[in-house]
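# Structural overview
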Amino acid sequence: MKRIARSHLLISWAAALALLPATAVVGAEAGAPPTTADYQALQQHYQQVQQQLSKLSSQVGNIRQQQENINKQESLIKQQQAALAQQQAALKAQQAQMQAAAANGENLSQQASDKLVQQIYNKVMADTHAQTQHWNNIGKTFNSLFAPRTSKTFVSPIALENPDHMRPDMHMQIGQWDDMKFYMGFWTVGRVQAIQQWNANASLAPSSKYGGLNPGFQDPFANLSLYATIPGKFDMFADFYVASRPHPNTMYGHEGYLVFKQMPNVFGEGSPLTNTLDAIFNYVNVKVGAFDIDFGDNNYHRSNNAWTQNNLLIGNPLVDPNVEEIGGEVYSVKGPVYWLFGAGNGFTTEHFDYGSPGSVHAKIWGFPTKDLRLSASGYLGDLSGGSGYEQSDLFAAGRSGGAYAAVFGGGDDPGQIQPQHGKNIVAVQGDITYQHWPWELYSFVGWTQDSNTNGDAGPGTPAERWLYGSAEAAYHITPAWYVAARYSFAFAQSIAGNSTNGWVDRIQVGTGYWLTRSVLTKLEYVQEEYRSFGTNVGNVDGVEAYYGPGFQGAVAEVSFGF
């Protein structure tokens, strides 16, 4: 408004200036007549006044436009103030209702109470879903897992190779307490096989078939897992074999461990020790408890009892290094070159025998490209000074069981090659993983030696050495359907101190189809045979290797997991 008043004042001054020349002319008429110069001066001054009036008119227009904008802003502010007043009134009404309900809580109906609980539950579930991008109640979990598999649900094997956990992701959240979230997972698998074997018994002639393996169904196996996490700070994991090949009728524990991704502030905020720990845990995580040690990358590709859906085929490679030990691991979380160091008791349970210090292992890995992962691992274990029954099970046992039932006399891990006796061992292994849709490739090569298979309890120091490896490839025809093949081998250099050129190989060819996101069906053809062993090596993994035992056949598998 002040700007408009000033504009009127300017116009008045301009009008006064415009009249000055006319007054001068009148004055001239009263005296002498005006000259031509007077008229020219008057015309020039008139033009100047016209220019000034034009500028003033433009300024007045701008001022009026600004005044209109100010009026609009004042109107919008008034509307917002009115809306805010309405919200405040509504909040006051709600507060009054809540106060009345609190004062008369004993009169609330059960129906209203249930409705309030349901509203709170829905809000918590919605917030949790927004944070985790998962369906976080049982009903929605089953709905999503029953949906067909798509390219969006495919997970690269490179993304799975994380030392935090060697397990499938668990989608079902069963609870939350403060900032800790609880998950549960369950997996089950069933198989039917039609396999024949030959020369699997030393009492039979080499040319004869070893019968007795009719087609049939295997025992069903299952895993149950519990997982709790404070994201970015702390994980707790425990899993159980509900049924397994070594114990088909017994449920028992497998892993149970903690992962620290950040240390609690137990030394006070800002203390030098707290700051040091915070700085360290920006680069490393720490895992402690009983867990499958991170030796090689095959742990991320293998079947582990009923955890079968990370395995493209049904059986594991011929040599399958895997062991659960009690101990700890420290590993880096920032690259480009990652590292891990771990130490364990070398055994699957506690032991305190003097002269058996346990085991250590280490690993480095990196990603030359986003589609390629390279890693190298090493393991040292010494249980030679124990009571005799203690041994490292990295190669010498298969706790999670095998997929080919009853071959070569059965057992916990039938058909597998298990080098050494696990007394005084060293092992190294290199792994390559490549995934570029629709192709998926994985391969490893390793060498292991047991320098004293008898341990300190037996005479002499016979050594056993093996070179082993595996190569597999898969082609994804669709997001739900793939074909895969694997060739694995084990070359024996020395068995029980005796040199040998014997070797064993296994060929696996198969296909898999995801009926839903949670149900995977597989069909596999497998063939395995011992070759070129002499009579000096004796019994190798339950069979007389000299006779060239082998087996071949087909296996079908259906697995379910959530």
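Residues numbered from 1 in each chain as written. Predicted model: local features only at pLDDT ≥ 70, side-chain atom pairs only at ≥ 80, totals over all residues. Heavy atoms only, no water.

## A closer look at the overall build of the chain
Regarding its fold elements, the chain presents 7 helices and 22 strands. In the chain, which comprises 562 residues, the proportion classed as buried is 42%. For the chain, the exposed area adds up to about 28,900 Å²; of that, 60% sits on carbon and sulfur atoms. (Helix = DSSP H or I, 4+ residues; strand = E, 2+ residues; numbered from the N terminus. Buried < 20%, exposed > 50% of the residue type's maximum accessible area, 1.4 Å probe, protein only. Areas by Shrake-Rupley, 256 points an atom, 1.4 Å probe, with all protein chains shown as cover.)

## Some words on the pairing of strand E12 (residues 372–382)
Alternating residues of E12 divide into Arg-373, Ser-375, Ser-377, Tyr-379 and Gly-381, all buried, and Leu-372, Leu-374, Ala-376, Gly-378, Leu-380 and Asp-382, none buried. Sheet analysis places strand E11 (residues 358–369) next to E12, joined by 10 bridges and oriented antiparallel. Bridge assignment links Thr-369 to a residue of E12, and that residue is Leu-372. Between E11 and E12, which pair antiparallel and follow one another directly, the connecting turn spans 2 residues. With 11 bridges joining them, E12 and strand E13 (residues 424–436) adopt antiparallel strand pairing. From the neighbouring strand, Gly-381 faces E13, where its bridge partner is Ile-425. (Pairing = 2+ DSSP bridges.)

## With respect to the packing of aromatic side chains
This model, assessed by the stated rule, comprises 23 aromatic pairs. A ring pair is formed by Phe-408 and Phe-551, whose centres lie 5.5 Å apart and whose planes are at 75°; its orientation type is edge-to-face. Placement of Phe-408 in the loop between helix H7 (393–396) and E13 and of Phe-551 in strand E22 (residues 550–561) is noted, with a sequence separation of 143 residues between them. We classify Phe-408 as buried; its relative accessible area is 8%. Aromatic side chains Tyr-530 and Phe-533 sit 5.9 Å apart centroid to centroid with 50° between the ring planes, which places their arrangement in the tilted category. The exposure class assigned to Phe-533 is buried, which follows from its relative accessible area of 5%. Aromatic rings pair up to connect Trp-187, Phe-237, Tyr-257, Phe-291 and Trp-307 into one cluster. (Phe/Tyr/Trp six-rings, centres within 6.5 Å; stacked < 30°, edge-to-face > 60°.)

## Points about the nonpolar core
Counting 52 residues, the largest nonpolar core has Phe-295, Leu-394, Ile-417, Trp-466, Tyr-530 and Phe-533 as the members making the most contacts within it. Ranked by residues supplied to this core, first place goes to strand E2 (residues 180–198) with 4 residues. Leu-312, Leu-313, Tyr-482 and Trp-514 belong to the second largest nonpolar core, which has 8 residues in total. (Core = buried A, V, L, I, M, F, W, Y, C linked by side-chain atoms within 4.5 Å.)

## Some details on the environment of Gln-218
Along the chain, the position of Gln-218 falls in the loop between strand E4 (216–217) and strand E5 (221–230). The sequence separation of Gln-218 and Arg-245 amounts to 27 residues, and the corresponding C-alpha distance is 9.4 Å. Leave out the neighbours within four places in its chain, and Gln-218 touches Arg-191, Gln-193, Arg-245, Ala-403, Tyr-404 and Ala-405. (Contact = heavy atoms within 4.5 Å.)

## Section: the pairing of E11
Pairing geometry for strand E10 (residues 337–344) and E11, over 8 bridges, is antiparallel. Each bridged residue has a counterpart across the sheet, and for Val-337 the counterpart in E11 is Gly-366.

## What about unusual backbone geometry?
Residue Pro-336 is reached from Gly-335 by a cis peptide bond, and omega for that bond is 15°. Its location among the elements puts Pro-336 in the loop between strand E9 (324–332) and E10. In this chain, Trp-437 is followed by Pro-438 through a cis amide linkage whose omega measures 10°. Tracing the sequence through the fold places Pro-438 in the loop between E13 and strand E14 (439–450). Phi angles above zero are rare outside glycine, and Ser-532 is one such case at about 65°. Looking at where Ser-532 falls in the secondary structure, it is placed in the loop between strand E19 (519–531) and strand E20 (539–540). Exposure remark for Ser-532: the relative accessible area of 55% places this residue in the exposed category.

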